[in-house]
Amino acid sequence: MYRFLLTPRWWGINVFVLLAIPFCVFMGSWQLSRFEDRMQDHRTATERVDPADRAPARPLDELLPVDKETSGELVTATGRYGEQLLVPHRELDGKDGFYVLTLLRTDGGKSLPVVRGWLPGTADPDRAPAAPTGEVTVTGSLQASETPGSNGVPVQGGLPAGQTGAISAATLVNLVPDDLYDAWVTLDKGDAGMKAVPATAPQDSGLDLKAFQNLGYTGEWFVFAGFVVFMWFRLLRREIEFIRDEQLGLVPEGDGSADPKEGVSRDGSGSTHGDGGSGDGPEAEAGRSGEERDPSREAEPAQ
């Protein structure tokens, strides 16, 4: 009964199933590994910005350039405070306020943006405490340059002089004459009575939409694998049922086809199915004989 599995049609079906199932399982496992990697990145980034789990502070030059591995690490830098800017519309503890950002001119000749703290309310230069004078050494969390529209950074323009919408070298280069580091630091302890701004995890390292997309794709690939198996069993069952019906003579009406050698249908009735077809039976023979003896076509007898 199962010899049909060796036909070319079923060879093609079987080969397709044997290739499709491992492929779906492989793709589902790969998407699952991507989700697990993002989970691990999220845990690592969370631990890195937690003051209790961070390594001792290191010099700034050892942690540059900023990436997923160094973002959130404790860093120290020495220099003199220079120009000060405000970063408005920054929320902390559910309240709107602003950051006080001061450039720290280091001995290397570059300036490092340092967020000295946060104050509630509307950004006002008169409310921002002046930066300490003389040489200072700061300790804080290293952060990557911000991108407007991500990680809660608002997209805004047309700000008054002395304010910036994002903390990044690309934004600040148009506001200050200093040569800037492509990074910034938020102090662990707020300066001059301001509230310290907590460090944030780097972009693409949290449980964002991409992570849950990977999890969704994992489920889809495993569903595809199950669907392939289901369809193979369904086709197999239909084929077996059809063969059994043929053996029992239960072929559904309309499925029989005429046998070219015997001139009869597969239903075994022995009758031809057609309208207006001519045969070679007695009636047809009689009809032809009658045509040959048509009196109208006989010649007149000789006189």
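What follows concerns the overall build of the protein. Across its full length, the protein holds four helices and six strands. Sorting the 303 residues of the protein into buried and exposed places 32% on the buried side. Expressed as a percentage of contacts within the protein between residues at least 6 apart in sequence, the contacts between residues at least 24 apart total 64%.

We now examine the environment of Val-197. Relative to the helices and strands, Val-197 is located in the loop between strand S6 (184-187) and helix H3 (209-247). Put simply, Val-197 and Glu-91 are 106 residues apart on the chain and 9.9 Å apart in space, counted from C-alpha to C-alpha. In contact with Val-197, other than residues within four places in its own chain, are Tyr-99, Val-115, Gly-117, Trp-118, Thr-186 and Leu-187.

Summed over the entire model, instances satisfying the criterion amount to six salt bridges. Between Glu-239 and Arg-9 there is a salt bridge, with the nearest N and O atoms lying 3.5 Å from each other. Pair noted here: Glu-239 is in helix H3 and Arg-9 is in helix H1 (residues 8-49), with a separation of 230 residues, a long-range link. Between Arg-237 and Glu-241 there is a salt bridge, with the nearest N and O atoms lying 3.3 Å from each other. Here the residue Arg-237 and the residue Glu-241 both occupy positions in helix H3, the gap between them amounting to four residues, near one helical turn. Residue classification places Arg-237 among the exposed residues on the basis of a relative accessible area of 58%.

Evaluation of the coordinates by the stated rule reveals four aromatic pairs. Seen from their ring centres, Trp-10 and Trp-232 are 6.5 Å apart, and the 85° between their planes marks the pair as edge-to-face. Separated by 222 residues along the polypeptide, Trp-10 in helix H1 and Trp-232 in helix H3 bring together distant segments of the chain. The class of Trp-10 is buried, set by a relative accessible area of 0%. Residues Trp-232 and Phe-233 carry aromatic rings whose centres are separated by 5.1 Å and whose planes lie at 85° to one another, so their mutual orientation is edge-to-face. Directly above the ring of Tyr-81 sits Arg-116, whose terminal nitrogen or CZ lies 5.8 Å from the centroid.

The rules behind the values
Per chain, residues are indexed from 1 in the order of the written sequence. Totals for whole chains, interfaces and linings use all residues, but because this is a predicted model, local features are given only for residues with pLDDT of at least 70 and pairs of side-chain atoms are given and counted only at 80 or more. For side-chain calculations, the full set of non-hydrogen atoms in the structure is used, while hydrogens and water are omitted. Numbering of helices and strands starts at the N terminus; helices are DSSP runs of H or I of at least 4 residues and strands are runs of E of at least 2. Note on classification: 1.4 Å probe, protein chains only; a residue is buried when its accessible area is under 20% of the maximum for its type, exposed when over 50%, partly exposed between these limits. In what follows, residue pairs with any heavy atoms lying within 4.5 Å of each other are defined as contacts. Every case where a carboxyl oxygen of Asp or Glu lies within 4 Å of a side-chain nitrogen of Lys or Arg is listed as a salt bridge. Note on aromatic pairs: the rings of Phe, Tyr and Trp (six-membered ring only in Trp) are paired at centre separations within 6.5 Å, and the planes decide the class, stacked below 30 degrees, edge-to-face beyond 60, tilted for the rest. Put simply, a charge is over a ring when the Lys NZ or the Arg CZ is close to the ring centre, within 6 Å, and near the line of the ring normal, within 35 degrees.

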